[in-house]
Every structure is written in structure tokens, then in C-alpha cells.
Amino acid sequence: FAGLADVSIAEDIPVEGEITVPVGSHSPDEDYSTLDEPVKDTIMRDLKAVGKKFVHVMYPKKSSALLRDWDLWGPLVLCVSLALMLQGGSADSKEDGGPQFAEVFVIIWFGAVVITLNSKLLGGTISFFQSLCVLGYCVLPLTVAMLVCRLVLLAGSGTVSFIIRLIVVVAMFGWSTLASTAFLADSQPPNRKALVVYPIFLFYFVISWMILTFTPQ
Amino acid sequence: VASLVLYLFAEFDDAANLLAANPDATTISIDEPAEIPKNQRGHRQEPGREEDDELLGTDDSDKTELLAGQKKSAPFWTFEYYQTFFDVDTYQVLDRIKGSVFPVPGKNFVRLYVRSNPDLYGPFWICATLVFTIAVSGNLSNFFIHLGKPTYHYVPEFRKVSIAATTIYAYAWLVPLALWGFLMWRNSKVMNIVSYSFLEIVCVYGYSLFIYIPTAILWIIPQKVVRWVLMMFSLCLSGSVLVMTFWPAVRDDNRRIALATVGTIVLLHALLAVGCLAYFFDAPELDFAAPVTPAHNVSTVITKSQ
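Definitions and cut-offs
- As a convention, each chain's residues are numbered from 1 in the sequence order in which they are written.
- Whichever chain is written first is A, and whichever ligand is written first is 1; the rest continue in order.
- Owing to the predicted nature of the model, reporting of local features is limited to residues with pLDDT of at least 70; listing and counting of side-chain atom pairs is limited to 80 or more, with chain, interface and lining totals taken over all residues.
- Only hydrogens and water are removed before side-chain values are computed, so all heavy atoms of the structure are retained for them.
- UniProt positions are given in the numbering used here, feature names are shortened, and annotations may be inferred rather than shown by experiment.
- A helix here means a DSSP run of H or I that spans at least four residues, while a strand means a run of E at least two residues long, and both kinds are numbered starting from the N terminus.
- Pairs of residues are marked as contacts when any of their non-hydrogen atoms sit within 4.5 Å.
- Two parts placed together each lose some accessible area; with a 1.4 Å probe, that loss summed over both constitutes the buried area.
- The term salt bridge refers to a side-chain nitrogen of Lys or Arg lying within 4 Å of a carboxyl oxygen of Asp or Glu.
- As used in this structure description, the phrase polar contact means that two N or O atoms lie within 3.5 Å; if the pair is within protein, one of them must be able to donate a hydrogen and the other to accept it, and residues adjacent in sequence are counted only when both atoms belong to side chains.
- All amino acids are sorted into three groups, where Ala, Val, Leu, Ile, Met, Phe, Trp, Tyr, Cys and Pro are nonpolar, Asp, Glu, Lys and Arg are charged, and the leftover types, Gly among them, are polar.
- Note on terminology: a nonpolar core comprises buried Ala, Val, Leu, Ile, Met, Phe, Trp, Tyr and Cys residues joined through side-chain atoms within 4.5 Å.
- For every residue, the accessible area obtained with a 1.4 Å probe (protein chains only) is divided by the maximum for its type, and the residue is called buried under 20%, exposed over 50%, and partly exposed between those limits.
- pLDDT is a per-residue confidence score from the predictor, ranging from 0 to 100.

Draft legend 1. Just the UniProt feature "transmembrane region" (unreviewed entry) in chain B, in detail. All names here are of chain B. As recorded in UniProt, the sites labelled "transmembrane region" (unreviewed entry) are residues 120-141, 161-185, 197-222, 228-250 and 257-281. Measuring from the first to the last C-alpha atom of residues 120-141 gives 31 Å, for a span that is 95% helix and 0% strand. Secondary structure across residues 197-222 comprises 69% helix and 0% strand; the distance between its end C-alpha atoms is 41 Å.

Draft legend 2. Highlighting the interface of chain A and chain B. Residue-level contacts link 32 residues of chain A with 27 residues of chain B. When chain A packs against chain B, close to 2800 Å² is buried across both sides, 64% of that on carbon and sulfur atoms. Put simply, chain A and chain B have three salt bridges between them. Across the pair Arg159 of chain B and Glu103 of chain A runs a salt bridge whose closest N-O atoms are separated by 2.8 Å. At the surface where chain A touches chain B, the tally comes to 11 residue pairs in polar contact (both at pLDDT 80 or more). Only helix 4 (101-121) and helix 8 (193-212) of chain A provide two or more residues apiece to the side of chain A that touches chain B. Tallied by class, residues from the side of chain A that touches chain B come to 16 nonpolar, nine polar and seven charged.

Draft legend 3. Expanded view of the nonpolar core. Counting 111 residues, the largest nonpolar core has Tyr204 and Ile207 of chain A together with Tyr205, Leu209 and Phe246 of chain B as the members making the most contacts within it. With 11 residues, the single largest contributor to this core is helix 8 of chain A.

Draft legend 4. Main features of helix 5 (residues 128-137) of chain A. For helix 5 of chain A, the buried fraction is high: eight of the 10 residues fall into the buried class. Taken together, the buried positions of helix 5 of chain A are Gln130, Ser131, Leu132, Cys133, Val134, Leu135, Gly136 and Tyr137 of chain A.

Draft legend 5. How the structure looks around the side chain of Ser238 of chain B. All names here are of chain B. Examined against the element boundaries, Ser238 turns out to sit in helix 13 (residues 224-250). With a relative accessible area of 0%, Ser238 lands in the buried category. Polar side-chain contacts of Ser238 include one of 2.9 Å to the side chain of His269. Residues in contact with Ser238, not counting those within four places in the same chain, are Ser208, Ile211, Tyr212 and His269.

Draft legend 6. Main features of the confidence of the model for chain A. Of all residues in chain A, 84% attain a pLDDT of 70 or more, and the chain-wide mean is 82. The lowest-confidence element of chain A is helix 2 (residues 65-68) of chain A, averaging 68 in pLDDT; the highest-confidence one is helix 8 of chain A, averaging 92.

Here you go:
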């Protein structure tokens, strides 16, 4: 750098600026290490995050909280509870019965992975786990529907109970699809939105069908 | 030599057409020869060539290889490589579905709709929809058929979903693989003008299965005649799409082999439809004809456990 040897900055020109090192999104660690806090605080923080996401699903607004801080606890809890509630629907555990626990689990997770891959292949900008998170959390209305169905089936299993179950399941299916579409559709290129929404519709339709056709022994 | 030169010029002409239809395809531009064919086409157009153009897609098949090679240039272990198979917009998918449901006689589905952009979205999701439609419709139709009987207890028959999935996905992927292998083998023996890539064959098969989705829904109607009429109708439509696609690829071959190939394609397609109808949908009249004897319970148990 021979040519720069005689470069000097005049005294009256202020040189100022900022040097910042991007820290990333490790915001919880900025003040203190979470290693020393009581276990209750750690658990409550995660539970609050999951609970907040549940609320976001029930009132789907255009908030980015669901997308930004994704977690898969909620989907796991929902999936396990839905699969457990769908048990006891197999007639003689012959081939004609309802879905087994493993089948429900595989359908939900494999279906969510396939839909996520589909939206990424079509050019979506959402990340893999964010999409899984949204799809998993939006199973919440259908889990509520399953709970309601089981309660209604305790009362009786005639035509009236079927109509009630049908209405509840259809309403929750619509809610799930609309909630997940509200979160996911924005990350797609505009001329392919329908191509991305249709598999989500199919996914929740299959889950709703499993819930509606549940017949206890 | 002159005809070869004209063949090359006609190729470039079609390249211009193709570019006009697909402006964002990555191509190299060769300006000079594009001007010439407009004059040549006027006086050297052979009489049958127009119709052959449409049906065979002769010049385009070489073009498709050229463009396809330039589009799918990412190595196969990257994500971008697989994104090239999903490079379709909503209206394109809808157009392809429409083309499979309303086959225009004389028009080749691959040449008209796929046009060197085969996608995997259509085949995959049409198969998925078909699997669940058949399982759900079969379940519903059995429910309605057996509704009034006292010994009937509704079961969701969930196992049949996995069977349906295996069958339909195997059909939609293994049969094109076998067909592609067979066509490649014949191509090495007989110089066929038209050749399809594996993905184009998968595309045609996938989209041709679309007609079975409304057919499966309508199969809920518990009338044997209605079901068979629906099956014949959908078999004709989707079979004709397949025949019109593959006939140009084999017709330069030995007559008997060509007919056998097309016949096998249609036969497998029919077997799929008949098999699905027989396995997932119980026969409607069987229960009314069952005699009310002690053997009655045995026969209903047998039909239930089918």
C-alpha cells in the first residue's frame, strides 16, 4: 500500500461510525444465562410460548409470532392427543378398523413434511420447520373437534349425534384450513397459491374424515 | 441435403414459436436462421406435414431435449434440480387437467400441454387425491348399501387406504418406468421419430388418472349399471389420452408390436379401474339376493370381511 502512506485525515472532519457485531436471535441470552434460573421458570417460559401460539391459531391474525419462534412441542402434543383419542375405534382389531396410533402419527407428520416439501419446491420462502410448526399447530381446532365428538358419542350414537358431529367437524376443518392458509399463503409466489393451498386442504380433510368416522366399541 | 437443411430451419422456426409460448425459458438465441424459415415454409410445406406436426411433435422432441438440457442443469443432489420439476403455475396445472379430461382427437397431450416442461406436482397430488377419494367413496358407498341391515356395524376400513395408496402409486410410477424402458429398447432397434422422456410419460399417466376422481365419487351410487357406464366412460376418456400420446411413438415399429403395446397400455388402465371398483366398492345387488336362511349370516360375514 505504498500509495496510501501519505493519506491523512484532516483534524476538523469528524470521523464517526458504529461497529456492531450481529448477535443473531439469541435474545434470551442477552442479559443473563438461563442456566441459573429455577427449572420452573424455564418450563413456564416454554409453556407460555406454546400457549401463545395456541391462541394465535384460534384467532388467526397476520402475526409473525407463529412463524418467527417456531417450536414443535405444540404439534407433538396435539398429534399424540389426537392419536390417543382416535384409539378404541377398531372393531375387532381386524383389518376393517379405524386407524391405529402409528397410522395417525405417520399420516400427520408425513403429511406435514410432504406439504412443506411441496411448498418449498414450488418456490416458497418459508423455512422447513416454520411450515411444519404452522401445520402442526393448526391441527388444534380438529383436536378440539375430536374431543367434542367423543363427548357427544358418550351421550349416544344415533342420527342426531351424527349431525352434531358432522357440523362440528366441518366447522373445525374450515377453521384449520383457513388458519393455516392465513399463515402460509403469503410466503408463496402469487400465481401458485392455489397449488400450495390444495394439499393443505386435502391434509385436513383426511384428518377430519378420520375424526368423523370414529366409531367407538 | 436440401431436405435436411429445411428440416433444420423448420426446427429453428419451432424454436421461435416455443419461445413465444414460453418466454422465460432459458435458451440461447440464434437470430439469423429464424428469419429464413418464414419464406421456406411457404413453398416447401409438404401436404401431410401440418397434421403430422401436431400429432408427432417431430421437431419438437429434439427441441425438448435441447431446452430440457438447458433447464435442468443443476446437479441432481441439489434442491434446485428438483425445483425444476415443480416449475408450473396454477393455470398450467389446470390447463393440463382440462386437456386430460377433454382429449381433442388428433392432438397429442405431451406436445400440446407438457411441452418440455413436465411437472411432478400434477401426478403426485392427483394420485394422492385419487387414493383418498377411492378409500372415502368406497367406505361411504358400503355404508349406504349396508345401512338398513341389523347385523351391520359401520367400520372405517382404514387399512384399505394403504392398499389403495400402494396400488395407485405403483401404477402411476412403475408402469411408466416399464413403458419408458420398452420404448427406449424399441428405439434402439427401430428409428422412431418420437421419443418421450421418463418424466413426460409419468406426467401423462398422472394427469390421465384425474378423470377417475369424479368417477370414484359418482361410484357411491349403488347401481351396477350406473357404475359400469361411468367406468366405461372414464376409461374411454383417459384411455384415449394415453393412446393418442403413445401411438405416434410406436407406429413406425412393427405393426404387431405397436398394436400390442397400445393394447397393453389400455388393458392395464382398464385393470386398474376394474380392480378398484371390485375391491373398494361392495356389489350393491348381492345383499338383496341373499336368501334368508341360516346360511345368510355366513354369506354376510363373508361379504363383510372381503
